[in-house]
Protein chains: 2
Amino acid sequence: MTARIHNFNPGPAALPLTVLEETSEAMLDFKGSGMSIAEVSHRSTVFEEVVHHSVSRVKRLLNLSEDYKVLFLQGGASLQFSMVPMNLIPQGMAADYINTGTWATKAIKEAEILGKPYTVIASSEDRNFSYIPEDYHVSTGAAYLHYTSNNTIKGTQWNSTPMAGKVPLISDMSSDIFSRPFVPAPFGLIYAGAQKNLGPAGVTLVIIREDMLERSPKNIPTMLRYSTHAEKNSLYNTPPCISIFMVSLVLKWIEETIGGLEAMERRNRQKATMLYDYMDKSDFYVGTADKNSRSMMNLTFRLKSEELEKKFIAESAKNSLGGLKGHRSVGGCRASIYNAIEPESVKALIDFMKEFARKNG
Amino acid sequence: MTARIHNFNPGPAALPLTVLEETSEAMLDFKGSGMSIAEVSHRSTVFEEVVHHSVSRVKRLLNLSEDYKVLFLQGGASLQFSMVPMNLIPQGMAADYINTGTWATKAIKEAEILGKPYTVIASSEDRNFSYIPEDYHVSTGAAYLHYTSNNTIKGTQWNSTPMAGKVPLISDMSSDIFSRPFVPAPFGLIYAGAQKNLGPAGVTLVIIREDMLERSPKNIPTMLRYSTHAEKNSLYNTPPCISIFMVSLVLKWIEETIGGLEAMERRNRQKATMLYDYMDKSDFYVGTADKNSRSMMNLTFRLKSEELEKKFIAESAKNSLGGLKGHRSVGGCRASIYNAIEPESVKALIDFMKEFARKNG
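It should be emphasised that the depicted structure is a prediction, and the values quoted were computed from it without experimental measurement.

Novice: Help me understand the overall build of chain A, please; the structure alone is not making it clear to me.
Specialist: Across its full length, chain A carries 10 helices and 14 strands. For chain A, the C-alpha radius of gyration of 21 Å lies close to 21 Å, the compact-globule estimate for 361 residues. Along the longest, intermediate and shortest principal axes, the C-alpha atoms of chain A span 65 × 55 × 30 Å. Taking as baseline every contact in chain A between residues at least 6 positions apart, the subset at least 24 positions apart corresponds to 68%. In the form shown here, chain A has an accessible surface area of approximately 13,900 Å², with 49% of it arising from carbon and sulfur atoms. In chain A, which carries 40 positive and 38 negative side-chain charges, the distance between the mean positions of the two groups comes to 3 Å.

Novice: Is there a simple way to explain the packing of helix H7 (residues 241–258) of chain A against helix H8 (residues 261–281) of chain A in this structure?
Specialist: In a pair of packed helices, the angle between the axes and the distance between the axes together describe the arrangement. Residue and element names in this part refer to chain A. At their nearest, the axes of H7 and H8 sit 8 Å apart, and the two run at 85° to each other. In this view, H7 runs roughly perpendicular relative to H8, as classed from their interaxial angle. Contacts between H7 and H8 pair Trp 253, Ile 254 and Ile 258 from the former with Leu 261, Ala 263, Met 264 and Arg 267 from the latter. The residue inventory of the contact of H7 with H8, partitioned by class, reads 6 nonpolar, no polar and 1 charged.

Novice: Just to check I follow, could you spell out a negative patch on the surface for this structure?
Specialist: Residues A:Glu66, A:Asp67, A:Glu210 and A:Glu214 make up a contiguous surface patch of negative charge. Among the secondary structure elements, A:Glu214 is positioned in the loop between helix H5 (210–213) and helix H6 (226–231).

Novice: Hey, could you run me through the relation of the copies chain B and chain A in this one?
Specialist: A rotation about some axis, followed by a shift along it, carries one copy of the chain onto the other. You can overlay chain B on chain A at an RMSD of 0.0 Å; the transform is a turn of 180° with a shift of 0.0 Å along its axis. Viewed as a symmetry operation, the transformation between the two copies matches a two-fold axis. Using C-alpha coordinates, one finds that chain B approaches the rotation axis most closely at B:Ser24, a distance of 2.2 Å. Of all interface residues in chain B, 100% are interface residues in chain A too; the two copies therefore contact each other through one and the same surface.

Novice: Sorry if this is basic, but what is going on with the interface of chain B and chain A here?
Specialist: It is common to report an interface's size as the accessible area lost on association of the parts. Contact with chain B, which involves 62 residues of that partner, is made by 62 residues of chain A. Overall, the association of chain B and chain A removes approximately 4,800 Å² of surface from exposure, summing both partners, and the carbon and sulfur fraction of that is 59%. Counting the surface chain B buries against chain A, the share from its top three residues, B:Pro12, B:Leu28 and B:Glu39, is 13%. For the pair chain B and chain A, the interface holds 2 salt bridges. A salt bridge links B:Arg4 to A:Glu39, with the shortest nitrogen-to-oxygen separation between them at 2.9 Å. The interface formed by chain B and chain A holds 19 residue pairs in polar contact (both at pLDDT 80 or more) in total. Broken down by secondary-structure element, the contributors of at least two residues to the side of chain B that touches chain A are helix H1 (17–26), helix H3 (76–88), helix H4 (102–113) and helix H7 (241–258) of chain B. Among the elements that take part in the side of chain B that touches chain A, H3(B) stands out by supplying 5 residues, more than any other.

Novice: Mind showing me how you'd approach the pattern of salt bridges here?
Specialist: Residue and element names in this part refer to chain A. Evaluation of the coordinates by the stated rule reveals 26 salt bridges over all chains. One salt bridge connects Arg 267 with Glu 342, and the closest N-O pair in it is separated by 3.2 Å. Highlighted residues: Arg 267 in helix H8 and Glu 342 in the loop between strand E14 (333–336) and helix H10 (343–360), separated in sequence by 75 residues. On the basis of relative accessible area, Arg 267 is assigned to the buried category, the value being 14%. Ionic pairing is found between Lys 291 and Asp 280, a salt bridge with its closest N-O pair at 3.8 Å. Of this pair, Lys 291 sits in the loop between strand E11 (286–287) and strand E12 (298–302) while Asp 280 sits in helix H8, and the two are 11 residues apart along the sequence. Exposure remark for Lys 291: the relative accessible area of 60% places this residue in the exposed category. In the salt-bridge network here, residues are joined through shared partners; they are Arg 57, Arg 60, Glu 255 and Glu 256.

Novice: Honestly, the packing of helix H9 (residues 306–318) of chain A against H10(A) in this entry has me stumped. Any pointers?
Specialist: All names here are of chain A. Contact pair H9 / H10: the axes reach a minimum separation of 11 Å and the direction vectors enclose 135°. The pairing of H9 with H10 is recorded here as oblique in orientation. Judged by the twist between their axes, the crossing of H9 over H10 is right-handed. Contacts between H9 and H10 pair Leu 308, Lys 311, Phe 312, Glu 315 and Ser 316 from the former with Phe 352, Met 353, Phe 356 and Asn 360 from the latter. Each residue belonging to the contact of H9 with H10 can be placed in one class, and the counts come to 5 nonpolar, 2 polar and 2 charged.

Novice: Even after reading the chapter, I still don't get the side chain of B:Ser78, so can you show me in this structure?
Specialist: For B:Ser78, the position within the fold is in helix H3. Looking at B:Ser78, the relative accessible area reads 9%, which means it is buried. Apart from the residues lying within four places of it in its own chain, the contact partners of B:Ser78 are A:Met223, A:Tyr236 and A:Asn237.

Novice: What am I meant to see in the sheet that holds strand E8 (residues 169–172) of chain A here?
Specialist: Sheets are built from strands that pair by backbone hydrogen bonding, the pairs being arranged parallel or antiparallel. Residues and elements named next belong to chain A. Pairing in this open sheet of 7 strands is mixed, and the strands run E2-E10-E9-E8-E5-E3-E4 from one edge to the other. Edge strands, defined here as strands with exactly one partner in the open sheet, are strand E2 (68–73) and strand E4 (118–123). Geometrically, the sheet is characterised by an average inter-axis angle of 20° between neighbouring strands, direction not taken into account. Relative to E4, strand E3 (residues 95–99) runs parallel, the two being bridged by 5 bridges. Within E4, the residue paired with Asn 99 across the bridge is Ser 123. Against the sheet, helix H2 (residues 45–62) makes contact with E2 and strand E10 (204–209), and its axis sits at roughly 130° relative to E2, the strand it touches most.

Novice: I tried to follow the nonpolar core on my own but got confused; where do I start?
Specialist: The tendency in soluble globular proteins is for nonpolar side chains to be buried side by side. With 125 residues, the main nonpolar core has A:Phe178, A:Met246 and B:Phe178 as its most contacted residues. Excluding anything up to four places from it in sequence, A:Met246 contacts A:Leu15, A:Val19, A:Leu20, A:Thr23, A:Pro200, B:Met27, B:Ala38 and B:Ile242. Counting residues in hydrophobic clusters, the runner-up holds 60 residues, among them A:Tyr97, B:Val84, B:Tyr97 and B:Tyr191.

Novice: How should the confidence of the model for chain A be read in this particular structure?
Specialist: In regions of low pLDDT, the predicted coordinates are not meant to be interpreted in detail. When pLDDT is averaged along chain A, the result is 97, and 100% of the positions lie at 70 or above. As a predicted assembly, this complex carries a pTM of 0.98 together with an ipTM value of 0.97.

Novice: Could you clarify how one ought to interpret the sheet that holds strand E11 (residues 286–287) of chain B in this entry?
Specialist: All names here are of chain B. Pairing within the open sheet is antiparallel, and its 3 strands lie in the order E11-E12-E14. Both edges of this open sheet fall to E11 and strand E14 (333–336), since each of them pairs with a single strand only. Taken together, the 2 bridges between E11 and strand E12 (residues 298–302) define a ladder with antiparallel strand orientation. Note on E12: the bridge partner recorded for Val 286 is Arg 302. In the packing of helix H8 (residues 261–281) onto the sheet, the strands contacted are E11, E12 and E14, and the crossing angle to E12 comes to about 15°.

Cut-offs and rules
Numbering of residues starts from 1 in each chain and follows the order in which that chain's sequence is written. Just so you know, chain letters begin at A and ligand numbers begin at 1, following the order they were written in. Only residues with pLDDT of at least 70 get local features here, since the model is predicted, and only at 80 or more are side-chain atom pairs given and counted; chain-wide, interface and lining totals rely on the full set of residues. The basis for every side-chain value is the complete set of non-hydrogen atoms in the structure, without hydrogens or water. Numbering of helices and strands runs from the N terminus, with a helix taken as a DSSP run of H or I at least four residues long and a strand as a DSSP run of E at least two residues long. Only C-alpha atoms enter the radius of gyration, while the globule expectation follows 2.2 Å times N to the 0.38, with N the number of residues. In this description, contact between two residues means that some pair of their heavy atoms is separated by no more than 4.5 Å. For every accessible area listed, the method is Shrake-Rupley and the probe measures 1.4 Å; residues are considered covered only by the protein chains on display. Counted charges follow a simple rule, with Lys and Arg positive, Asp and Glu negative, and His plus the chain ends left uncounted. Each charge is placed at NZ for Lys, CZ for Arg, CG for Asp and CD for Glu. Between the N-to-C directions of two axes lies an angle of 0 to 180 degrees, each axis being a line fitted to C-alpha atoms and, for a helix, fitted only over the stretch in contact. Working definition: roughly parallel below 35 degrees, roughly antiparallel above 145 degrees, roughly perpendicular at 65 to 115 degrees, and oblique for all remaining angles. Residue polarity follows a fixed list, in which Ala, Val, Leu, Ile, Met, Phe, Trp, Tyr, Cys and Pro are nonpolar, Asp, Glu, Lys and Arg are charged, and the others, Gly among them, are polar. To count toward a patch, a residue needs a relative accessible area above 30% and no salt bridge. Like charges then connect within 9 Å, nonpolar side chains (Val, Leu, Ile, Met, Phe, Trp, Tyr) within 5 Å. What counts as a salt bridge is simple: a side-chain nitrogen of Lys or Arg found within 4 Å of a carboxyl oxygen of Asp or Glu. Here the copies were fitted onto each other by least squares, based on C-alpha atoms from residues at pLDDT of at least 70 in both. In this description, buried area is defined as the sum, over both parts, of the accessible area (probe of 1.4 Å) that is lost when the two are combined. Side-chain atoms alone can form a polar contact between residues adjacent in sequence; in general such a contact is a pair of N or O atoms within 3.5 Å, and within protein one must be able to donate a hydrogen while the other accepts it. For each residue, the accessible area found with a 1.4 Å probe, counting protein chains only, is set against the maximum for its type, and the residue is called buried under 20%, exposed over 50%, and partly exposed in between. With the far helix as reference, a near helix turned anticlockwise by less than a right angle produces a left-handed crossing, and one turned clockwise produces a right-handed crossing. Here, a strand pair is defined by DSSP locating no fewer than two bridges between the strands. Residues belong to one nonpolar core when they are buried, are Ala, Val, Leu, Ile, Met, Phe, Trp, Tyr or Cys, and are joined through side-chain atoms within 4.5 Å. Note: pLDDT gives the predictor's confidence per residue, expressed from 0 to 100.

Here you go:
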């Protein structure tokens, strides 16, 4: 077996080794069933327990009240971009959106395609989405306020939950869910594609407050209606069993190995601080996000020329540091240091960056 | 590790052992990348090749012309039930449906929810869906004719492709795709949830003819539009990588180990014939489907009383024969003998059935 690399991929991303090992075993025999996790019925007691335990862990980790339903759906955040306005903007209401980059823009576009009324109440497009807007006014009586909590491509992140008064918050937390604690009460709905902080690709976590379930119009297809999945505990149709199983293992790792979200945040803050501190001292690497909007998950930076960036990415790969290329839409470099990235990997990256700067400075 | 059982689950279902073994290894290191298949980027060359090879194998196995696109989507057949009428019934047209059971009924319901015009041109509901209708008249100028090629719950299957003239056929082939060859030309679209004959749950195969791609109205959400996925070769958003990888291994197994669809059909016919022949000789087990409509994939049968059926299912499970309970909506017994089920497993089932009949006759 090839030695594991330091994996800074933006998603699908690194997972805890214990999760991979346990899945590798379950692929051959799942809990002594004589079947693989890929072969067991989703209606078997042994699989229903996986779903049940995962829901319980999500509720405990986020300290959710009984008003919330925890669902495991398919289609990624990309499908949520349309399910949210389709279900949650009732006739006569309009939604508010804050635009902080590519993913928020895509979410807004789906409200537009559906012909739903909406207002973009703030945007950081004027400076290439390099900051989180602080100046916004939520519309009175808005159906919801939608925002993207962390922007993987631009390397920015909300430091705190936006204030929206009585308007329910909806957040795409795909790239920072379970990276830190937050108060769930203001949220009507939270969604997250699993493939960054939560598991492999193929499953989407949706947390929905019960009052939101009643909003859906009647002409919504069954599979696109939140209440369908809430009523059947995510087992309306055959769910992505392997992905859900792996999420259950990641949740267990967060809760039992790391020790919960406060400990997770300390660990993440320590990793990000190490890397930002080094970048700020260096004049070789330049961060692209405003300092007070910087992401703890995706650290974006540039070198002096595109040629040098190419060399940096090629040489880092040769040194077992993977995934450091910036998103194809913006270029540059990016280190994604999600929950599962060990502090040792960040140290290895900094060592390489120092050496590369010394040789090419 | 527990010994493998004979797994007659209706889906998720048994997979070839070699597929499970290779996936188990790839879970720790994928093709020497130093990453798990769960951790590699969907935009990496190594993963794009998985998609590319899978598409090529599907095209070769089904002998598809260049007019067809092969897609890997999420949401199962259940999401296709709504994507089909949403995209493929243009303004001013109506669709034809043939109702042969639970899944066809669900497909029809989604056209109804969307307010799309449709006609059910034939149904076998009058005799509890125990047969495939032979008498139907396709509407001139229909948008499509939709049918379910195999009915997992009722144990019936179309022996041949319905005749629809110039009207494009659309078929839910979730439970018999790749079980036998067929001529693809009359089909506008074919879909199949992977978890029966094709891989694990979490990915849906969609085969679409290019002329169908142009039908979609403008107000369809991006993720629900077939052309979105066709243009991006199933990589518009992060796909379910592990499930697609496992499908690629199953396709390889069909093509290289079994030797293609003619060989697959011979193997499936041999398995089904063994079991039906025994059932027909016995007066202890009674098949529920009409003889000329019987499925090669799902064999449904009853015993003399529900009490005896309960005992049969419990004792079979103790003898390492799993998944023999009929669908919760109809009761009775069902042996699902999809592609991956070895003839030895069918023999073991028949041996058990003989012994059980002897003891309880």
